[in-house]
Amino acid sequence: MVTGGEGLRDLRSIVVSEICAVSKVSKKEIGRCFKLIKRAVETKVGQVESTDFMSRFCANLSLESAVQRAAVHIAKKADELDLCPGRVYTSIAAAAIYLASQTSDNKRSQKEVGSVVGVAETTIRSIYKLIYPAKEKLFPEGYEFAVPLDKLPSA
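What counts and what doesn't
- Residues numbered from 1 in each chain as written.
- Predicted model: local features only at pLDDT ≥ 70, side-chain atom pairs only at ≥ 80, totals over all residues.
- Heavy atoms only, no water.
- Helix = DSSP H or I, 4+ residues; strand = E, 2+ residues; numbered from the N terminus.
- Contact = heavy atoms within 4.5 Å.
- Areas by Shrake-Rupley, 256 points an atom, 1.4 Å probe, with all protein chains shown as cover.
- Core = buried A, V, L, I, M, F, W, Y, C linked by side-chain atoms within 4.5 Å.
- Buried < 20%, exposed > 50% of the residue type's maximum accessible area, 1.4 Å probe, protein only.
- Salt bridge = Lys/Arg side-chain N within 4 Å of Asp/Glu carboxyl O.

### Things to note about the overall build of the protein chain
And step 1. Regarding its fold elements, the protein chain presents nine helices and zero strands.
And step 2. In the protein chain, the succession of helices and strands from N to C terminus is α-α-α-α-α-α-α-α-α.
And step 3. Long-range contacts, defined here as pairs at least 24 residues apart, represent 73% of the contacts in the protein chain between residues at least 6 apart.
And step 4. Working note: accessible area of the protein chain is about 9,100 Å², and carbon and sulfur atoms make up 51% of it.

Next comes the structure, spelled out in C-alpha cells:
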C-alpha cells in the first residue's frame, strides 16, 4: 500500500516504457493513472533525472561502482553544461554509461548499453558525439582512467 507518497518516489526509477512492455497498457493510460494516483496521495513527485537509473543499469551491465559513480558524474555535468538540451534522460544516462565504461577495463559496447537501457545505438552515438568534446570536464576529480581520454573512440 502506498502511504505518504513513499511508493511514488520509488516509481522514479521505473521507465514508463518498461511498464508498457510488461503490462501491455499504453503510455497514455499509464500517464492518466499516474496522475490520478498522484492526486489521490497528494504528494509531489520530483522530476526524473538521468542519474535516477544509473545504479540499476550499471548493475545489469556488471560495471564496477567506480564506473557507475563516473557515469552519474558525467550525466550531471552534461546537464549542468547543457550539452544535451531537450534529450531524454535515459538517452543521456546511456551515453554517460558508455563513455564511463570506455575509460575502464570493463568496456561495454553501445549495443550492450542500449539493450539494457532501452535506447537505440544511434541515439547513444548521437549523444556521445555531443558530450565527447567536453570529456575532460565530465569526469569526477581523482577518477582513475584505465584508458586515457585521448584513446577514447570519437563516435
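This is not the end of the story, as more comes after the structure.
### Re the nonpolar core
And step 1. Of all hydrophobic cores here, the largest spans 38 residues; its most connected members are Met-54, Ile-74, Ile-97, Leu-99, Val-113 and Ile-131.
And step 2. Contributions of two or more residues to this core are made by α4 (54-60), α5 (65-80), α6 (89-102), α7 (110-117) and α8 (121-131).
And step 3. It is α6 that contributes the most residues to this core, nine residues altogether.
And step 4. Among residues more than four places away in sequence, those in contact with Ile-131 are Ile-74, Ala-78, Leu-83, Cys-84, Ala-95, Ala-96, Leu-99 and Leu-138.

### Some points on the side chain of Thr-103
And step 1. Mapped onto the secondary structure, Thr-103 falls in the loop between α6 and α7.
And step 2. What makes Thr-103 buried here is its relative accessible area of 0%.
And step 3. Contact partners of Thr-103, with chain neighbours within four places excluded, come to Phe-139, Tyr-143, Phe-145, Ala-146, Val-147, Leu-149 and Leu-152.

### Here we look at the pattern of salt bridges
And step 1. Overall, the coordinates contain three salt bridges when judged by the stated rule.
And step 2. With its nearest N and O atoms 3.6 Å apart, the salt bridge here joins Glu-80 to Lys-77. In this pair, Glu-80 and Lys-77 are both assigned in helix α5, three residues apart and thus about one turn of the helix distant.
And step 3. Between Glu-136 and Lys-135 there is a salt bridge, with the nearest N and O atoms lying 3.7 Å from each other.

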